[in-house]
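Below, each chain spelled out in residue letters.
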Amino acid sequence: MDLKAVLDNIFLNDVFVTWVPVLATIMIMSFLYRDNPLYKIGENIFIGVSLGYGWILSWEYIIDPFFIMPVNDMFVEFHMSDITNILWFLLALTMFFRFSRKKAWVANYYFAFLFGYMAGYYIPIAIQNIMLQSTSIMTDLDKGSFFETTKWIVLVFGTFAALIYFFFSKPHKGLLGKTARTGIVVLMIFFGAAFGSTVMGRVSLFIDRALLLVDHPVQSLVCTLAVIIFLIIYFRFFKKDDKTAEEDFI
Amino acid sequence: MKKEIPILLGIITGILWYGEFFIAGMFQENQKLFFANGLKIAGVVGVAVGVYSVARQNYYKIKYNNERYYAILRVAMIFLMIFLGVISGTSSGTPFSSMFMNVYVPFQATVFSLLAFYIASAAYRSFKAKSVESGVLLVASIIVMLSKIPLGGEIWSQIPVIGEWIMDSPSSAGRRAIIFGGYLGSITMMIRIFFGLERSHLSE
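Residues numbered from 1 in each chain as written. Chains lettered and ligands numbered in written order. Predicted model: local features only at pLDDT ≥ 70, side-chain atom pairs only at ≥ 80, totals over all residues.

Student: Mind showing me how you'd approach the overall build of chain B here?
Tutor: Counting its regular elements, chain B contains eight helices and zero strands. The C-alpha radius of gyration of chain B comes to 26 Å, more than 25% above the 17 Å expected for a compact globule of 204 residues. Along the longest, intermediate and shortest principal axes, the C-alpha atoms of chain B span 65 × 50 × 40 Å. Relative to its full complement of 204 residues, chain B shows a buried share of 31%. Across chain B, every contact between residues at least 6 apart in sequence was considered, and the portion connecting residues at least 24 apart equals 19%. (Helix = DSSP H or I, 4+ residues; strand = E, 2+ residues; numbered from the N terminus. Rg over C-alpha atoms; globule rule 2.2 N^0.38 Å. Buried ≥ 20, exposed ≤ 12 C-beta atoms within 10 Å, placed from the backbone. Contact = placed C-beta atoms within 7 Å.)

Student: I'm lost on the confidence of the model for chain A in this one. Help?
Tutor: As a note on interpretation, predicted positions should not be read in detail where pLDDT is low. Of the residues in chain A, 95% have a pLDDT of 70 or more, and the chain-wide mean is 88. Within chain A, helix α2 (residues 14-29) of chain A carries the highest mean pLDDT (95), whereas helix α9 (residues 245-249) of chain A carries the lowest (50). (pLDDT = per-residue confidence, 0-100.)

Student: What exactly am I supposed to notice about the interface of chain A and chain B here?
Tutor: Where interface size is given, it is often the accessible area lost as the parts come together that is meant. Each side of the interface is counted separately: chain A has 100 residues, and chain B has 101 residues. Counting residues per element, the ones that place at least two in the side of chain A that touches chain B are α1 (3-11), α2, α3 (37-76), α4 (81-93), α5 (108-136), α6 (146-165) and α7 (174-215) of chain A. At 22 residues, α7(A) tops the list of elements feeding residues into the side of chain A that touches chain B. For the side of chain A that touches chain B, the per-class residue count stands at 71 nonpolar, 20 polar and nine charged. (Nonpolar A, V, L, I, M, F, W, Y, C, P; charged D, E, K, R; others polar.)

Student: In this structure, what is going on with the domain arrangement of chain A? I would like to understand it.
Tutor: All names here are of chain A. Along its sequence, chain A is carved into domain 1 (1-78 + 217-250) and domain 2 (145-215). Inter-centroid distance (C-alpha atoms) of domain 1 to domain 2 is 37 Å. At the junction of the two partners, domain 1 supplies five residues and domain 2 supplies four residues. Elements with a minimum of two residues in the side of domain 1 that touches domain 2: α2 and α8 (217-238). Split into classes, the residues belonging to the side of domain 1 that touches domain 2 amount to three nonpolar, two polar and no charged. (Domains from an automatic or database assignment.)

Student: Please explain the environment of R34(A) as it appears in this structure.
Tutor: Within the secondary structure, R34(A) sits in the loop between α2 and α3. R34(A) sits 50 residues away from T84(A) along the chain, and the two C-alpha atoms are 56 Å apart.

Student: Where do I start with the packing of α2(A) against α8(A) in this structure?
Tutor: Relative placement of two packed helices is described by the angle separating their axes and the distance separating the axes. Residues and elements named next belong to chain A. The contact between α2 and α8 brings their axes to 9 Å, and the two run at 40 degrees. One finds that α2 runs oblique with respect to α8. In the packing of α2 onto α8, the handedness of the crossing is right-handed. Where α2 abuts α8, its residues T18, W19, V22, L23, I26 and M27 lie against Q219, S220, C223, T224 and V227. Looking at the contact of α2 with α8 residue by residue, the classes come out as seven nonpolar, four polar and no charged. (Axes fitted to C-alpha atoms, helices over the stretch in contact; angles between N-to-C directions. Parallel < 35°, antiparallel > 145°, perpendicular 65-115°, else oblique. Left-handed = near helix turned anticlockwise from the far one by under 90°.)

Student: Looking at this structure, I do not really get unusual backbone geometry. What am I missing?
Tutor: Note on backbone geometry: most residues besides glycine have negative phi, and most peptide bonds are trans. The phi dihedral of N65(B) is positive, around 50 degrees, even though this residue is not glycine. Within the fold, N65(B) resides in the loop between α2 (29-63) and α3 (68-88).

Student: Got a minute to help me understand the packing of α7(A) against helix α8 (residues 170-194) of chain B in this structure?
Tutor: The interhelical angle for the contact between α7(A) and α8(B), taken along N-to-C directions, is 100 degrees, at an axis separation of 7 Å. Between α7(A) and α8(B), the angle is such that the two are roughly perpendicular. In this structure, α7(A) uses V186(A), L187(A), I189(A), F190(A) and A193(A) to contact α8(B), whose residues at the interface are P170(B), S171(B), A173(B), G174(B) and R175(B). Among the residues forming the contact of α7(A) with α8(B), the class breakdown is seven nonpolar, two polar and one charged.

Student: Which parts of the structure should I look at to understand the confidence of the model for chain B?
Tutor: In this model, chain B carries an average pLDDT of 88, and 100% of its residues clear a pLDDT of 70 or more. Predicted complex metrics record ipTM = 0.85 and pTM = 0.85.

Student: Even after reading the chapter, I still don't get the nonpolar core, so can you show me in this structure?
Tutor: Looking at soluble globular proteins, one finds that nonpolar side chains tend to be buried together. The biggest cluster of nonpolar side chains holds 30 residues, and the ones touching the most others in it are V49(A), M81(B), M99(B) and V103(B). Sorting the residues of this core by element identifies α2 and α3 of chain A together with α3 and α4 (95-126) of chain B as the ones contributing at least two each. Residues in contact with V103(B), not counting those within four places in the same chain, are V20(A), A24(A), I45(A) and V49(A). Grouped together as the second largest cluster of nonpolar side chains are 26 residues, L163(A), L137(B), A140(B) and I159(B) included. (Core = buried A, V, L, I, M, F, W, Y, C linked by C-beta atoms within 7 Å.)

This is the structure in structure tokens:
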């Protein structure tokens, strides 16, 4: 039998597609009770799969176009400019010296080049971005409605007040102090809104997980029972000693 | 030799690229390509360094029995994904993409959804309106949360409008101020590298 067909049979069949996501969800959810081996197994599968996935994509989008193909071309027809690529490659290989305690300094040359390049390249762009941010809010005051106009006023003066709060070269007294205090309020609203959005994002993810379990009732029931039985046996017979740090935390 | 020459190299490279932004035609196209190729190759070797680093970490974990079986499982999953990627390709409808959709996505979504419980727990213990500022934070977060669910509109029809106003104006103002601060901080850091004052990226 063809290897591809075997793999297709394993990874594309209904059993895999319906049971594995449910089992993965319940394994990770078991952490809500306490840190346990099932959670750790799930966590390590997740890390392994994400690393493998990332490396395969790196091969496809970085190594193949920027290394394999140029090397192939080099063997077909050698240009003088290929020498610079070989030199770059040799220089980049010095990054491996970072793993050595005694010879780590060899990598300094390459890192100095990279950071110097980044510094020279980034400074004008960052200044340009600040200017763009600043100019993009300097628009026409007439926004069509009172509501939209207040949005603009609060945005402009709120940004200014919050920036004044970060200005420490003068004591925050008088007008400067009042503006800085307004800045704190603006920042607090931002933190509150960011918190609210994050919570709702997480809750929607949780609802999505719950819907998956609802859509596969048999799998959910079997997996939940199996996980509960495992946890009871594990904590009753194998891990008798106490509360974990996570439990204390909750 | 170990630090001085690299710092000088960094300063020269920094000046060259800073100048390139202002002086049109400072570099020929092929000279620009010379640096661009260097960065591409840095990406290639960077991936190799990452692979070596992960392999090394897991080798030591397996060798010295530091959660050995979890490390073996991790490495096995890495090899499985590489094997599937090489054998079946990465397009949709392949075993590789099935692993992504049915293993990676559920694990990732569940890990992040777990945070909802911990955030709620942390909020319950820390959200106390002891001052005007903390009260503002509490009210803003409640309004934003209510504005994103149908219940908010049921309680008072203006809650979604107020939520939108908060997100669009005061919240956006605070975010802009923080982004400005971030930019200024990163510019300062880059200027320190530019002048050779920052040396934390260099080894002894």
